[in-house]
Structure formats: structure tokens, C-alpha cells
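# Examining the three-dimensional arrangement
Spelled out, the chains give:
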Amino acid sequence: VRVRDSLWLVSSNIQKWLGDEPSHLNALERAVRENSGGIIAPYLLGRAYRKRGEFKKALEILKEVIAKHPNEFRPCVEYAATLVDAGEPYSKAIAVLNLSKTFGMSDPRYVGTLAGMLFMNGDFTEAVKVFEESARNEFPAIEAQTIQFRPPDTQDILKRRRLEGKVATVKAGYAF
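Computed from a predicted structure; not experimentally measured. (Residues numbered from 1 in each chain as written. Predicted model: local features only at pLDDT ≥ 70, side-chain atom pairs only at ≥ 80, totals over all residues. Heavy atoms only, no water.)

### Brief notes about the packing of aromatic side chains
Counted according to the given criterion, the structure contains three aromatic pairs. Judged by centre distance (6.3 Å) and plane angle (75°), the ring pair of F73 and Y110 falls under edge-to-face. Placement of F73 in helix α5 (residues 73–85) and of Y110 in helix α8 (residues 108–120) is noted, with a sequence separation of 37 residues between them. Residue F73 shares its accessibility class with Y110, and that shared class is buried. A ring pair is formed by F119 and F124, whose centres lie 4.9 Å apart and whose planes are at 65°; its orientation type is edge-to-face. Residue classification places F124 among the partly exposed positions, given a relative accessible area of 45%. (Phe/Tyr/Trp six-rings, centres within 6.5 Å; stacked < 30°, edge-to-face > 60°. Helix = DSSP H or I, 4+ residues; strand = E, 2+ residues; numbered from the N terminus. Buried < 20%, exposed > 50% of the residue type's maximum accessible area, 1.4 Å probe, protein only.)

In C-alpha cells, the structure reads:
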């Protein structure tokens with residue numbers, strides 16, 4: 001096989017399934033080296049780094065992908081999530097997401113992440129517009145109702161923000 005990055009990606013999935021984290025990352029790193037112009041392997045490696053809390057490495061690798069392929073919305077979503085997890089302002093992450101808005105609005109993860117970041121940034125009107133625009137795409141119910149963006153806890157970046165309170169009203173499909 002001349003191009004082996006796909007084999008390394010499969011190997012990475014197997015290692016991840018087996019719970020061998022170092023081998024999982026090594027296989028992803030090899031996949032990136034095998035095909036330096038690719039999109040999938042660096043995206044997966046950047047995502048793995050972000051989930052491990054290695055934000056600097058994740059930003060480094062994802063930035064290269066975005067520079068080469070600015071219309072690819074998945075690396076933009078991952079880069080924006082990494083920026084927020086690394087403590088950068090939401091406005092910076094939103095700017096990155098807007099690079100790939102043309103193609104991203106067709107993806108529920110992109111829509112949920114952009115609208116969630118706009119909301120957290122205080123741009124409530126823009127967040128509503130993004131959600132309204134996405135309603136025209138008629139995402140399947142399971143995709144439309146999945147939580148796509150969970151803001152990090154300001155005290156511990158590796159944890160997600162939790163809100164506590166009292167439920168005042170319960171209606172079909174939501175609660176206040």
C-alpha cells in the first residue's frame with residue numbers, strides 16, 4: 001500500500017477500543033506523518049489532544065489544517081472548542097467558526113457549537129438567528145436535540161460547566 005494513513009487510522013481505532021491510549025495517539029501521529037496534506041488524521045489527532053487536555057498541541061495541528069482547508073468545518077469546530085477549553089475568549093472561537101459558516105450550517109454539531117458560543121458570549125440575538133436558520137435544514141430529531149456544545153467550567157477547564165437551581169415549570173420537551 002502506498003498511502004498508509006488509512007491503515008494507521010484503523011489501527012488507532014483498534015488501540016482506542018482496546019484502551020491502549022499511547023498506541024492510539026502514536027497511530028494517529030503516524031497517520032498525520034504519512035499524509036501531511038490530509039484532513040481526517042490531523043482532525044482526529046487534534047481532537048484526541050483536546051480531550052487529553054493538551055490544548056497547545058491540538059491548536060498547533062488544527063491550525064495547519066484550517067490554513068490549508070478553510071472550508072472544512074469540522075476542524076474549525078474542533079479548533080474553536082479547543083480555544084474555549086484553553087481559556088481563550090468566545091469571540092476568538094466564533095471568528096474561527098465563521099470561516100466555514102457556508103458549509104457548516106448544514107451540520108448539527110457546527111450549528112450547536114456556534115449558537116452555544118454566541119450565547120455564552122452574550123450575543124443572544126445572533127444565537128437565536130443561527131438556531132432559526134438551522135431549523136430550515138430539518139435535522140433529524142435525534143441530531144437536533146443532541147447537546148453539541150458544553151461550555152467548560154471556569155474553575156477547572158477539564159470539567160464541563162454545571163448549573164444548579166430549582167425547576168419552576170415543566171412543559172412538554174423543556175423545563176424552566
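### So, the packing of helix α6 (residues 90–99) against α8
Following both chains from N to C, one finds α6 and α8 inclined at 150°, their axes separated by 9 Å at the closest point. It follows from the interaxial angle that α6 and α8 lie roughly antiparallel. Viewed along their axes, α6 and α8 form a crossing whose handedness is left-handed. Residues Y90, A93, I94, L97 and N98 of α6 touch α8, and the partners they reach there are Y110, T113, L114, M117, L118 and M120. Taken together, the residues of the contact of α6 with α8 break down into nine nonpolar, two polar and no charged. (Axes fitted to C-alpha atoms, helices over the stretch in contact; angles between N-to-C directions. Parallel < 35°, antiparallel > 145°, perpendicular 65-115°, else oblique. Left-handed = near helix turned anticlockwise from the far one by under 90°. Contact = heavy atoms within 4.5 Å. Nonpolar A, V, L, I, M, F, W, Y, C, P; charged D, E, K, R; others polar.)

### Comments concerning the pattern of salt bridges
A full pass over the atoms with the stated rule returns nine salt bridges. Note that D85 and R160 form a salt bridge whose closest N and O atoms lie 3.1 Å from each other. With D85 in helix α5 and R160 in the loop between α10 (141–145) and β1 (170–171), the pair connects residues that are 75 residues apart, well separated along the chain. By sharing partners, the salt bridges in this structure join R47, R50, E78, D85, R109 and R160 into a single network. (Salt bridge = Lys/Arg side-chain N within 4 Å of Asp/Glu carboxyl O.)

### Brief notes about the nonpolar core
Counting residues in each nonpolar core, the largest one holds 36 residues, and the members touching the most others are L45, Y79, L97, Y110, L114, M117 and V130. Where this core is concerned, the elements lending two or more residues are α2 (21–34), α3 (40–52), α4 (55–68), α5, α6, α8 and α9 (124–135). Sort the elements by how many residues they give to this core and α5 lands first, with seven residues. With residues up to four places along the chain from it excluded, the contact list for Y110 reads F73, V77, L97, N98, S100, K101, G104 and M105. (Core = buried A, V, L, I, M, F, W, Y, C linked by side-chain atoms within 4.5 Å.)

### A closer look at unusual backbone geometry
Phi at E138 takes a positive value of approximately 50°, unusual for a residue other than glycine. Examined against the element boundaries, E138 turns out to sit in the loop between α9 and α10. E138 gets classed as exposed once you look at its relative accessible area, which sits at 69%.

### Thoughts on the confidence of the model for the protein chain
For the protein chain, the mean per-residue pLDDT works out to 85, and 88% of the residues sit at or above 70. Considering each helix and strand of the protein chain separately, the mean pLDDT is smallest for helix α1 (residues 5–18), with a value of 65, and largest for α6, with 95. (pLDDT = per-residue confidence, 0-100.)

### As for the packing of α3 against α4
Their axes nearest at 8 Å, the elements α3 and α4 cross at an angle of 160°. Classed by the angle they form, the pair α3 and α4 counts as roughly antiparallel. Considering how the two elements wind past one another, α3 and α4 form a crossing that is left-handed. Residues P42, Y43, L45, G46, Y49 and R50 of α3 pack against F55, K57, A58, I61, L62 and V65 of α4. Of the residues contributing to the contact of α3 with α4, the split by class is nine nonpolar, one polar and two charged.

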